[in-house]
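Residue-level structural notes
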Amino acid sequence: MEPIVVAKNLTKSYTKGLRALDNVSLKVNQGKVLVVMGPSGSGKSTLIRTFNGLETFDKGELNILGIKVDSTHDERKIQKIRRRVGMVFQQFNLFPHLSILENITLAPVHVQKRRQIEAEEYGMYLLSQMGIDSHAKKYPSQLSGGEQQRVAIARALALKPELLLFDEPTSALDPERINEVLDAMRRLAEQGMTMVVVTHEIGFAKDVSDQVLFMDSGKVIETSPPNIFFSNAKHERSRKFLNQLDKH
Amino acid sequence: MKINQKIFLQFGICIIFFGLIGILINNLTINLIRTGLGFNFSWLFKPASFALAEHPLPYTSSDSYAWALFIGWLNSLKVIVSSLILATLLGTLIGFARTGKNSLLGLISAGYITTIRQTPLLLQLMFWYFVGFLGLKDNMFIQIKNIFNISNQGIEFSGLIFSSEFLALLLGLSIFTSAYIAEVIRGGILSVGRGQWEAFRSLGLSERKGLIRIILPQALPAIIPGLTSQYLNLAKNSTLAIAVGYSDIYAINDTIINQTGRAIECFIILLVSFLLLNLLITNTMEIINRLILKSRKNI
Ligand SMILES: Nc1ncnc2c1ncn2[C@@H]1O[C@H](COP(=O)(O)OP(=O)(O)OP(=O)(O)O)[C@@H](O)[C@H]1O
Ligand SMILES: [Mg+2]
């Protein structure tokens, strides 16, 4: 079966001489979970944002769900990809002027042209899956951070995506709220969703991921299964990073 | 500051204030006595005996001054409201272009904004009047399928006639104000966080839909106050109508002062007219603002 994500030698610089991505190659197969780790500024966000065209790149190739994009950043292809890939952000980025249910039905109605009633029914189903259907009529600011992030996940799921991208989904949450979001993500992985997750939650990475990709200064340092990465990482740089993570 | 000093200061300010008002009233009375006219408004109902090129309601020179002034007020309202709409549409488009992803459009709109803002409005009005319309030769007609005629008389559009004076003023005011409105719109759009753009883009929404459904509604609270002040400026700038010979309230007032010498009454009328106009604008915008805030009360 064709892989969901294939990146070949992705390279990108925001400022000359400073590479945010440096020859990054990776592969994610159907139903697999890839966790991306690395110190601040190592290029994790830049990497996963290239997957749905929020970020361009200078060199290399990307194949998302069989759609090939290169440095020319073909808008039509990007648009096709975005209809099949969901994304969840660190800061939730819910639309504050829309109700919870409107946040979720926006894309199905205006991108996929589905009927409002149909979109609402499916939206309510997704909210109940996330355990927040009682909040459907409320507005984002009336919800806690953990609830807002679960709405954001439901919103990303509304287009029935074949790939989900998470950029530090629990980093902006109070510690006691982190698990409700991680549990929702766990359930998605169990249902066979293909996911790329930037996170520093070791527990989640150990339990859920199939591979851990460790980055530093835009380069992939190593890609290993979690049991190896967390107990016996191949590279000195990875071990140093894990040591620092443990101290926090 | 001690309380004594405060009272003393306030007392001083009061004396200066009432002193100035006294001087003004004194001057006024002396001038009124000198002209021998007295202060009254009964002349308003005498025939104006001047013609008006442009009158949305029936008017002849035997109609009263009051009616002439009312026609002028309507003419002002007509050019202000239509410029306001045109300026808003133009300004919004240019504001969008200025913030959009297309760098060529961005450059063009930046050039437009700079050029328009750095030339005096009077010059622009003259340009549109003399170059834009009177520049067209007498015998020159641009006709488009008989429903759209352009000549130095103005534009005829399926039976409706717009004079060159009106059009020059409309274009001048709209284009001038649109440059400022574009900046107001841009400021509003920039006030919405980057995350909102990324969120709608990642959902597959087009730039246009995202701008209209996600960004603009959140930018409005930042846009409305700036827009209101641009509308008020537009209303005040409309008095430059006199430069292109459009009979707005100010131009008609001017004619009446020349004919009757009733400068003080006329200025009071002008003052009240503009107060009314601006109150109309401010209140309408206030209502719009409240509607927006109400629809957003949950944020
Ligand atoms: N819009 C931008 N303009 C210029 N430089 C940028 C931009 N975004 C990121 N960078 C730079 O690119 C590099 C990689 O940034 P990126 O945000 O991908 O890192 P990250 O691994 O996600 O970090 P963090 O853990 O802090 O989120 C950093 O050096 C950063 O300063
Ligand atoms: Mg990041």
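Residues numbered from 1 in each chain as written. Chains lettered and ligands numbered in written order. Predicted model: local features only at pLDDT ≥ 70, side-chain atom pairs only at ≥ 80, totals over all residues. Heavy atoms only, no water.

Before going further, it helps to examine the overall build of chain A. Looking only at helices and strands, one finds 9 helices and 10 strands in chain A. The globule rule puts the C-alpha radius of gyration for 248 residues at 18 Å, and the 18 Å found for chain A is close to it. Seen through its principal axes, chain A has C-alpha atoms that stretch 50 × 40 × 35 Å. Burial analysis of chain A (248 residues in total) assigns 57% to the buried set. Residue pairs in contact within chain A that sit at least 24 positions apart in sequence constitute 64% of those at least 6 positions apart. For chain A, the exposed area adds up to about 11,200 Å²; of that, 45% sits on carbon and sulfur atoms. Once the 34 positive and 29 negative side-chain charges of chain A are each reduced to a mean point, those two points are 5 Å apart. (Helix = DSSP H or I, 4+ residues; strand = E, 2+ residues; numbered from the N terminus. Rg over C-alpha atoms; globule rule 2.2 N^0.38 Å. Buried < 20%, exposed > 50% of the residue type's maximum accessible area, 1.4 Å probe, protein only. Contact = heavy atoms within 4.5 Å. Areas by Shrake-Rupley, 256 points an atom, 1.4 Å probe, with all protein chains shown as cover. Lys, Arg positive; Asp, Glu negative; His and termini not counted. Charge placed at Lys NZ, Arg CZ, Asp CG, Glu CD.)

All names here are of chain A. The assigned domain composition of chain A is domain 1 (3-84 + 162-246) and domain 2 (96-161). Here domain 1 and domain 2 have C-alpha centroids that lie 25 Å from each other. Contact residues are listed per partner, giving 18 residues for domain 1 and 15 residues for domain 2. Carbon and sulfur atoms make up 64% of the area that domain 1 and domain 2 hide from each other, which totals about 1,200 Å². (Domains from an automatic or database assignment. Buried area = accessible area lost by both parts, 1.4 Å probe.)

Moving on, we come to the layout of surface pockets. Looking at the largest pocket, its volume works out to about 670 Å³. Around the largest pocket, the lining comprises 30 residues; the ones closest to its centre are Thr99, Lys101, Trp197, Arg201 and Glu207 of chain B. Contributions of two or more residues to the lining of the largest pocket are made by β1 (5-15) and α2 (75-82) of chain A together with α2 (65-99), α5 (164-190), α6 (194-202) and α7 (207-237) of chain B. By residue class, the composition of the lining of the largest pocket is 12 nonpolar, 7 polar and 11 charged. (1 Å grid on protein atoms, 1.4 Å probe; cavity = no way out; pocket = protein on both sides within 12 Å on 5 of 7 lines; lining within 4 Å. Points joined across faces, edges and corners; volume = space filled by probe spheres on them. Nonpolar A, V, L, I, M, F, W, Y, C, P; charged D, E, K, R; others polar.)

On to the packing of aromatic side chains. Inspection of the entire model under this criterion finds 14 aromatic pairs over all chains. For the pair Phe176 of chain B and Tyr180 of chain B, a centre-to-centre distance of 5.2 Å together with 50 degrees between the ring planes defines the contact as tilted. Of this pair, Phe176 of chain B and Tyr180 of chain B both sit in helix α5, 4 residues apart, roughly one helical turn. Residue class for Phe176 of chain B comes out buried when judged on its relative accessible area of 12%. An aromatic cluster is built from Phe214, Phe229, Phe230 and Phe241 of chain A, whose rings are joined through pairwise contacts. Geometry around Tyr14 of chain A places Lys12 of chain A over its ring, the cationic atom sitting 4.8 Å from the centre. We note Lys160 of chain A situated over the ring of Tyr122 of chain A; from NZ or CZ to the ring centre the distance is 4.5 Å. (Phe/Tyr/Trp six-rings, centres within 6.5 Å; stacked < 30°, edge-to-face > 60°. Lys NZ or Arg CZ within 6 Å of the ring centre and 35° of its normal.)

Moving on to the domain arrangement of chain B. All names here are of chain B. Per the domain assignment, the segments making up chain B are domain 1 (1-39) and domain 2 (47-295). A separation of 39 Å is found between the C-alpha centroids of domain 1 and domain 2. Each side of the interface is counted separately: domain 1 has 5 residues, and domain 2 has 6 residues. Buried surface at the junction of domain 1 and domain 2, both sides included, amounts to about 460 Å², of which 71% is carbon and sulfur. Considering only the surface of domain 1 that becomes buried against domain 2, Leu28, Leu37 and Phe39 emerge as the three largest contributors, covering 80% of it. Across the contact surface, domain 1 and domain 2 share 0 salt bridges. (Salt bridge = Lys/Arg side-chain N within 4 Å of Asp/Glu carboxyl O.)

A word on the pairing of strand β8 (residues 195-198) of chain A. Residues in a regular strand project their side chains so that they alternate between the two faces of the sheet. All names here are of chain A. Neither face of β8 is left uncovered, since the one carrying Met195 and Val197 and the one carrying Val196 and Val198 both have all their residues buried. Inspection of the sheet shows strand β3 (residues 33-37) paired to β8 by 4 bridges, in the parallel sense. For Val36, the partnering residue across the bridge sits in β8 and is Val198. As paired elements, strand β7 (residues 163-167) and β8 share 4 bridges and run parallel to each other. Residue pairing across strands places Asp167 opposite Val198, the latter belonging to β8. (Pairing = 2+ DSSP bridges.)

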